[in-house]
Amino acid sequence: MRNKIMLVAAVFVIFSSLVIVSPTAATLGVGVSPEKIDFGTITIGESVLKELYIVNTGDENERIVIKAEKFGNITEFSASEFIIKPKESKLVNVTMSIPPDFNEGNYSGSLLVTSLPSNASGLNIGTAVRIPIAFSVHASLITWVFIGVCIVSGAFLSGIFFFVHRRK
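Since the model is a prediction, treat every value here as computed from it, not as a measurement.

Thresholds, definitions, all that
- Residues numbered from 1 in each chain as written.
- Predicted model: local features only at pLDDT ≥ 70, side-chain atom pairs only at ≥ 80, totals over all residues.
- Heavy atoms only, no water.
- Salt bridge = Lys/Arg side-chain N within 4 Å of Asp/Glu carboxyl O.
- Helix = DSSP H or I, 4+ residues; strand = E, 2+ residues; numbered from the N terminus.
- Buried < 20%, exposed > 50% of the residue type's maximum accessible area, 1.4 Å probe, protein only.
- Pairing = 2+ DSSP bridges.
- Axes fitted to C-alpha atoms, helices over the stretch in contact; angles between N-to-C directions.

1. Let's talk about the pattern of salt bridges
- One pass over the full model with this rule turns up 3 salt bridges.
- Linking Glu-81 and Arg-63 is a salt bridge whose minimum nitrogen-to-oxygen distance equals 3.0 Å. Taken together, the residues Glu-81 in strand S6 (residues 81-84) and Arg-63 in strand S4 (residues 62-68) connect sequence positions 18 residues apart.
- Take Glu-81: its relative accessible area is 49%, and that puts it in the partly exposed class.
- Between Arg-130 and Glu-69 there is a salt bridge; the shortest N-O distance is 2.6 Å. Of this pair, Arg-130 sits in strand S9 (residues 127-138) while Glu-69 sits in the loop between S4 and strand S5 (75-77), placing them 61 residues apart in sequence.
- For Arg-130, a relative accessible area of 52% translates into the label exposed.
- On the basis of relative accessible area, Glu-69 is assigned to the partly exposed category, the value being 39%.

2. Observations regarding unusual backbone geometry
- Of the consecutive residues Ser-33 and Pro-34, the connecting peptide bond is found in the cis state with omega at 5 degrees.
- For Pro-34, the location among the structural elements is in the loop between strand S1 (30-33) and strand S2 (37-43).
- Although it is not a glycine, Phe-71 adopts a positive phi angle of roughly 65 degrees.
- Within the secondary structure layout, Phe-71 lies in the loop between S4 and S5.
- The phi torsion at Lys-87 lies on the positive side, around 65 degrees, for a residue other than glycine.
- If you trace the backbone, Lys-87 turns up in the loop between S6 and strand S7 (89-97).

3. Section: the sheet that holds S6
- Taken in spatial order, the 5 strands make up an open sheet running S2-S9-S8-S4-S6, and their pairing is mixed. Here the strands that pair on one side only, and so sit at the sheet edges, are S2 and S6. Looking at each pair of strands side by side, their axes are set apart by 25 degrees on average, direction ignored.
- Summarising the sheet, S4 and S6 pair through 4 bridges and their orientation is antiparallel. When the sheet's bridge partners are listed, Arg-63 is paired in S6 with Ile-83.

Okay, here's the thing in structure tokens:
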């Protein structure tokens, strides 16, 4: 039993020292600002642009990949994959474009910013940051005005029809 404990302790010390000494794991890093993005209320058929800053907090060039984990079909990035130097930052514009057939409502999802060493090949150790996003979708005022006009017109025509047929 004592030999098993010694073996487990030795394996733990060896793996711990590998993680601490590993230059790749110790120098990787990516930071983002803001930590969450609220696009606010977006009218159907319109787009909203928000800024996202990516920072390489590590000591090596990093390959950055940005993806929308949800709503990828309506989310666009000014740059979705690029190399960033150590201690430098890059501004990425994130645009949410709501198509005409999108349903009204409140939505949430996330963006995933992944960082990998730019010179690595094979099996890589990377870091990732998940950024929550939120937005609401509403029909435009013109749509509501059109619906209102249709309802009022329909009521008016119904009243005329009822009045004409009542007199007969």
